[in-house]
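Observations on chain architecture
If you want the building blocks of each chain, they are given just below.
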Amino acid sequence: MARGKLRIYLGAAPGVGKTYAMLCEAHRRLERGTDCVVAYVEHHGRQRTEVLLHGLEQIPRRELEYRGGSFAEMDVDAVLVRAPQVALVDELAHTNVPGSRNAKRWQDVEELLAAGVDVVSTVNIQHLESLGDVVESITGVRQQETVPDGFVRRADEIELVDMSPQALRRRMAHGNVYRPDKVDAALSNYFRPGNLTALRELALLWVADRADAYLKQYRRDHRVSAIWGSRERIVVGLTGGPEGRTLIRRAARLAEKGAGGEVLAVYIARSDGLTSASPKELALQRTLVEDLGGTFHHVVGDDVPAALLDFARGVNATQIVLGSSRRKTWQYVFGPGVGATVARESGTDLDVHIVTHEEVAKGRGLPVARGARLGRTRIVWGWLVGVAGPALAALLLNTVHLGLANDMLLFLAVTVAAALLGGLLPALASAAVGSLLLNYFYTPPLHRWTIADPKNFVAIVVFVGVAVSVASVVDLAARRTHQAARLRAESEILSYLAGNVLRGETSLEALLERVRETFAMESAALLERADDRAPWTRAGHVGGGRPVERPEEADVDVPVGDHLALALTGRVLPAEDRRVLAAFAAQAVVVLDRRRLREEAERSRALAEGNRIRTALLAAVSHDLRTPLAGIKAAVSSLRSPDVTWSPEDRAELLAGIEEGADRLDHLVGNLLDMSRLQTGTVTPIFRETDLDEVVPMALGGVPEPERSVELDIPETLPMVAVDPGLLERSVANLVENAVKYSPADARVLVSASAMSDRVEVRVVDCGPGVPDEAKERIFAPFQRYGDAPRGAGVGLGLAVARGFAEAMGGTLEAEDTPGGGLTMVLTVRAAGPRPEQQPVRPERRTSC
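In this text, all values refer to a predicted model and were calculated from it rather than measured experimentally. (Residues numbered from 1 in each chain as written. Predicted model: local features only at pLDDT ≥ 70, side-chain atom pairs only at ≥ 80, totals over all residues. Heavy atoms only, no water.)

1. Observations regarding the overall build of the protein chain
Our working definition: A run of DSSP states H or I qualifies as a helix once it reaches four residues; a run of E qualifies as a strand once it reaches two. Both are numbered from the N-terminal end. Burial classes: relative accessible area under 20% of the type maximum marks a residue as buried, over 50% as exposed, and values in between as partly exposed (1.4 Å probe, protein chains only). We call two residues contacting when some pair of their heavy atoms lies within 4.5 Å. In this description, accessible areas are obtained by the Shrake-Rupley approach with a 1.4 Å probe, and a residue is regarded as covered only by the protein chains that are shown.
If you tally the helices and strands in the protein chain, you get 25 helices and 24 strands. The buried share of the protein chain, reckoned over its 849 residues, is 42%. Counting only contacts in the protein chain whose residues sit at least 6 apart along the sequence, the fraction spanning at least 24 positions is 71%. Accessible surface computed for the protein chain: about 44,700 Å², of which carbon and sulfur atoms make up 56%.

Below you can see the structure in the form of structure tokens.
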């Protein structure tokens with residue numbers, strides 16, 4: 001079955017006319033003979049919108065009961081059975097009532113699309129998931145109902161329903177959006193002109209971005225290479241030189257002249273990865289272009305003009321900004337240069353700007369990668385072969401003369417060997433010595449520095465040229481191989497650092513140890529100071545050797561900012577190693593900052609938790625403890641009053657009130673003390689083998705009339721449990737009291753137990769209002785009352801204490817839904833082992849309400 005198509009009407013705010021436009025579209029399709037139905041449309045009492053529903057078939061909604069109320073939701077099953085061609089589904093970001101087929105309405109729409117039904121829907125820009133933080137910063141309201149951006153972007157059609165802020169506010173004032181009693185509040189809060197303007201800009205930019213993505217896809221699918229100037233896109237060609245910052249600023253000014261202008265800076269790197277660009281300068285230029293709102297791109301290509309033009313056409317650019325060539329006049333003999341080539345081959349669809357700068361005609365001036373050090377031993381052997389090798393070859397050839405051509409080949413082999421061992425200079429020396437020896441010993445007239453035959457002169461010249469060329473190629477290949485190996489090693493190190501960042505590793509000592517091992521140093525330390533006059537202190541240190549107190553005492557130091565430095569001892573590093581060392585230093589600072597931020601967050605969290613608990617305790621003392629105290633004091637004052645003679649019945653009632661208040665105080669204070677013990681970690685369970693049927697009945701002592709409100713189902717064949725009886729009794733007592741508190745008066749709370757493998761579960765089942773999934777963990781936090789529980793119902797510590805005691809005994813306490821409504825608390829503890837006479841335990845009893 002073909003997937004259905006999705007059309008979305010997107011608006012900047014409620015009231016712009018999304019639903020109205022959707023219903024108008026439905027009538028147009030209906031007139032064309034399309035089978036179109038209303039799956040769910042909410043007119044919000046707007047008369048013009050409600051009128052458009054007439055004449056459209058509406059699928060009856062599904063009624064759901066939730067927390068004593070009745071709610072109408074889209075009936076997905078009914079729509080699927082009806083199987084229309086087009087279904088209208090309003091409010092795409094809506095959250096369905098618990099018990100619905102799906103949690104979100106966009107998931108309902110996904111089912112309809114998968115079934116081949118076309119869907120027309122509506123959504124506001126503030127409901128897109130990625131814009132939640134932005135919308136909250138603009139309006140001060142956090143949107144709870146959101147739809148994933150990816151789902152909206154996959155829509156086949158998105159139509160923007162736009163309206164100016166002034167027109168929307170007029171609609172509000174005329175009562176066309178909200179009821180008259182809500183208009184003033186809406187106009188002065190969410191629907192302020194600034195809010196509406198910002199939301200409208202978000203909607204316009206989001207739709208423009210999607211249109212741009214669609215245009216790129218269309219050009220790619222249809223292989224369109226010509227530039228379509230739908231918006232100004234300016235590509236800046238960078239070389240890594242200092243003039244790049246001038247070019248970026250110039251391009252930014254050009255972009256500002258046109259609405260929606262975009263700057264894309266691109267650096268073309270050689271495919272072999274060996275570049276002469278300054279990494280530091282490129283990093284600065286990347287930061288600059290991003291600060292100006294542009295993007296930085298790194299492209300690989302050996303033909304710079306072709307790569308630049310391919311990139312520009314690929315992004316549908318309209319202009320290219322290049323700098324005037326930095327080459328000197330004589331260097332133009334090698335070609336016209338990148339700027340001239342790009343301008344010549346850009347065609348009529350790309351404008352090329354050549355910008356002058358201070359570096360014009362000053363030469364490249366970029367740092368060139370130094371040749372690899374071949375080592376002292378190899379250089380010595382290279383010079384020996386380059387100087388002594390031709391002499392030994394001449395002695396050999398004086399003994400056995402092979403002819404001038406073979407003689408030259410032998411000397412050429414010596415030159416190549418010198419290049420392989422010592423590099424270019426020994427090879428040049430070998431070529432020079434070899435040419436002189438060839439001239440002196442093997443070209444007539446012999447033993448003279450002259451050449452009689454011009455052919456021999458040409459041969460000697462060719463030998464020197466070939467020797468120099470071969471030596472240069474061999475030397476360059478050897479150095480490039482070494483450079484590639486070094487760059488590979490550097491990339492592995494940088495990949496390790498990047499992996500640390502992604503994994504969030506925060507061990508400063510481990511990073512310093514890696515630095516020490518990588519560069520074979522004796523010690524590594526990260527030094528810091530508060531200001532320029534303060535002494536240096538070590539934030540981290542690894543390795544032995546003398547301790548480094550200041551950067552000046554280290555063999556190598558890399559400053560990071562004004563008050564941090566990475567100091568290493570052991571040897572002096574070559575200059576080419578400092579680039580990677582700088583990356584290590586920057587990562588060390590990040591790790592140090594992250595560690596301190598984490599420590600600060602922990603301290604802040606502890607302070608916030610302490611403040612919250614203190615505030616809650618104050619609230620408990622000020623109200624929850626004061627209420628029973630006030631009742632006790634009033635009863636005692638009445639009994640002691642000499643002016644009143646109390647009957648035995650009244651006296652008994654007052655004494656009962658005193659006893660009830662004292663019991664309540666005892667319960668509240670007990671929970672407060674238990675919570676304080678859990679917070680301070682002073683709860684030490686004393687484990688022993690215990691029967692549940694001995695502990696659980698004792699936990700019902702605080703429940704009024706337990707025989708009427710609680711039902712026990714504790715099989716005698718259960719295994720014994722390894723628990724602290726006192727802690728288990730308090731946990732079960734708190735769970736039962738909480739369940740009785742929220743259960744209906746005519747429903748009994750069930751306390752049952754069952755064995756599962758090496759665990760025993762105690763289930764406390766009530767038929768109360770229940771708790772939604774997102775709040776099931778929150779109810780175990782201290783000082784939490786669920787829903788509208790009155791202040792006198794306790795301080796909200798019962799469940800927190802119960803879970804704390806359960807975890808102290810190595811058990812767990814979780815909340816589950818009771819089938820039919822209500823909440824089931826599942827307390828799991830360890831079994832102590834089966835009894836010898838134990839029979840198989842019957843399956844766990846499941847109760848529904």
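2. Notes on a negative patch on the surface
We apply this condition: Like charges are joined within 9 Å and nonpolar side chains (Val, Leu, Ile, Met, Phe, Trp, Tyr) within 5 Å, but only among residues with over 30% relative accessible area and no salt bridge; these make up the patches. Note on definitions: salt bridges are taken to be side-chain nitrogens of Lys or Arg within 4 Å of carboxyl oxygens of Asp or Glu. All tallies of charge rest on Lys and Arg as positive and Asp and Glu as negative; His and the ends of each chain are not included. Just so you know, the charge point we use is NZ for Lys, CZ for Arg, CG for Asp and CD for Glu.
Together, Glu659, Glu660, Asp663 and Asp666 make up a negatively charged patch on the protein surface. Here glutamate 659 lies in helix 21 (residues 648-680). For glutamate 659, a relative accessible area of 51% translates into the label exposed.

3. Considerations on the confidence of the model for the protein chain
The cut-off we apply is this: Residue-level confidence of the predictor is summarised by pLDDT, bounded by 0 at the bottom and 100 at the top.
Per-residue confidence for the protein chain gives a mean pLDDT of 78; residues scoring 70 or more make up 80%. By mean pLDDT, helix 17 (residues 454-503) is the weakest element of the protein chain at 68, and strand 6 (residues 86-89) is the strongest at 95. Confidence drops under a pLDDT of 50 for residues 788-793, and excluding neighbours within four residues, the segment shows 11 contacts in the predicted structure.

4. Quick word on the pattern of salt bridges
Side chains that differ in sign of charge can pair as their charged atoms come close. In total, this model carries 25 salt bridges according to the counting rule given. Aspartate 133 is the partner of arginine 142 in a salt bridge, and the nearest nitrogen-oxygen pair spans 2.4 Å. Classification of aspartate 133 as exposed rests on a relative accessible area of 55%. In this structure, glutamate 600 engages arginine 603 in a salt bridge whose closest nitrogen and oxygen atoms are separated by 2.5 Å. Of the two residues, glutamate 600 and arginine 603 are both situated in helix 19 (residues 578-624); the distance of 3 residues between them amounts to about one turn of the helix.

5. Side note on the packing of aromatic side chains
Where two aromatic rings form a pair, the distance of their centres and the angle of their planes describe that pair. The test is simple: Whether two aromatic rings pair depends on their centres lying within 6.5 Å, for rings of Phe, Tyr and Trp, where Trp uses its six-membered ring; planes under 30 degrees apart make the pair stacked, over 60 edge-to-face, and the rest tilted.
Scanning all chains against the criterion turns up 3 aromatic pairs. Ring centres 5.8 Å apart and planes at 85° place the aromatic pair tyrosine 178 and phenylalanine 191 in the edge-to-face group. Residue tyrosine 178 is located in the loop between helix 7 (165-173) and helix 8 (180-188), and its partner phenylalanine 191 is located in the loop between helix 8 and helix 9 (193-221); the two are separated by 13 residues in the primary sequence. Taken together through their ring pairs, the aromatic side chains of Tyr178, Tyr190 and Phe191 make up a single cluster.

6. Structural notes on unusual backbone geometry
Positive phi, close to 55°, is recorded for arginine 67, a residue that is not glycine. On the secondary structure map, arginine 67 appears in the loop between strand 4 (62-66) and strand 5 (69-73). Among the residues examined, arginine 67 registers a relative accessible area of 53% and is labelled exposed. A positive phi angle, close to 55°, is found at glutamate 91, a residue other than glycine.

7. Some points on the side chain of glutamate 73
Applied cut-off: Polar contacts, as used here, are pairs of N or O atoms within 3.5 Å; protein pairs need one atom able to donate a hydrogen and one able to accept it. Residues neighboring in sequence count only if both atoms are side-chain atoms.
Topologically, glutamate 73 is positioned in strand 5. Note on glutamate 73: relative accessible area 4%, which makes it buried. Looking at glutamate 73, its side chain comes within polar contact range of the side chain of arginine 105, at 3.1 Å. Sequence-distant contacts of glutamate 73, that is, excluding residues within four places in its chain, are made with Tyr40, Arg61, Arg62, Leu64, His94, Thr95, Asn96, Val97, Ser100 and Arg105.

8. Section: the nonpolar core
As a reminder of what qualifies: We define a nonpolar core as any set of buried Ala, Val, Leu, Ile, Met, Phe, Trp, Tyr and Cys residues linked to one another through side-chain atoms lying within 4.5 Å.
Membership of the largest hydrophobic core comes to 62 residues, with the highest contact counts inside it found for Leu88, Leu112, Ile125, Val147, Phe191 and Trp206. The element best represented in this core is helix 9, accounting for 6 residues. Ignoring any residue separated from it by four or fewer positions in sequence, one finds tryptophan 206 in contact with Leu10, Ile125, Leu128, Leu131, Asp149, Val152, Arg153 and Ile158. If you look at the next biggest cluster of nonpolar residues, it comprises 40 residues, including Val703, Val723, Ala775 and Val829.

9. Topic: the packing of helix 15 (residues 404-422) against helix 16 (residues 424-442)
How we decide: Geometry is summarised by axes, namely lines fitted to C-alpha atoms with helices restricted to the contacting stretch, and by angles between N-to-C directions that run from 0 to 180 degrees. Our angle categories are set so that under 35 degrees counts as roughly parallel, over 145 as roughly antiparallel, 65 to 115 as roughly perpendicular, and the remainder as oblique. With the far helix as reference, a near helix turned anticlockwise by less than a right angle produces a left-handed crossing, and one turned clockwise produces a right-handed crossing. When residue character is reported, Ala, Val, Leu, Ile, Met, Phe, Trp, Tyr, Cys and Pro are called nonpolar, Asp, Glu, Lys and Arg charged, and the others, Gly included, polar.
Where helix 15 meets helix 16, the closest approach of the two axes is 7 Å, and the angle between their N-to-C directions is 160°. Between helix 15 and helix 16, the interaxial angle falls into the category roughly antiparallel. Between helix 15 and helix 16 lies a crossing of right-handed hand. Residues Leu404, Asp407, Met408, Phe411, Val414, Thr415, Ala418, Ala419 and Gly422 of helix 15 form the contact with helix 16, whose participating residues are Leu424, Pro426, Ala427, Ser430, Ala431, Gly434, Leu437, Leu438 and Tyr442. Among the residues forming the contact of helix 15 with helix 16, the class breakdown is 13 nonpolar, 4 polar and 1 charged.

10. Concerning a nonpolar patch on the surface
Together, Ile379, Trp383, Val387, Leu425 and Leu428 line one region of the surface with nonpolar side chains, adding up to about 430 Å² of accessible area. Of all the elements in the fold, those that place two or more residues in the nonpolar patch are helix 14 (376-399) and helix 16. Here the element with the most residues in the nonpolar patch is helix 14; it accounts for 3 residues. Here valine 387 lies in helix 14.

11. Describing the sheet that holds strand 11 (residues 295-300)
To be explicit about the condition: Note on pairing: two strands pair once DSSP finds at least 2 bridges between them.
Pairing in this open sheet of 5 strands is parallel, and the strands run 11-10-9-12-13 from one edge to the other. Two strands bound the open sheet, and with one partner strand each, they are strand 11 and strand 13 (351-355). Across the sheet, the mean angle separating the axes of adjacent strands is 25° when strand polarity is ignored. Relative to strand 12 (residues 319-323), strand 9 (residues 233-238) runs parallel, the two sharing 3 bridges. Within the sheet, the bridge partner assigned to isoleucine 234 lies in strand 12 and is glutamine 319. Here helix 12 (residues 304-314) sits on the sheet in contact with strand 9, strand 10 (262-269), strand 11 and strand 12, set at roughly 150° to strand 10.

12. Observations concerning the environment of glycine 657
Inspection of the secondary structure puts glycine 657 in helix 21. Residues glycine 657 and valine 636, 21 residues apart in the sequence, show an inter-C-alpha distance of 9.7 Å.

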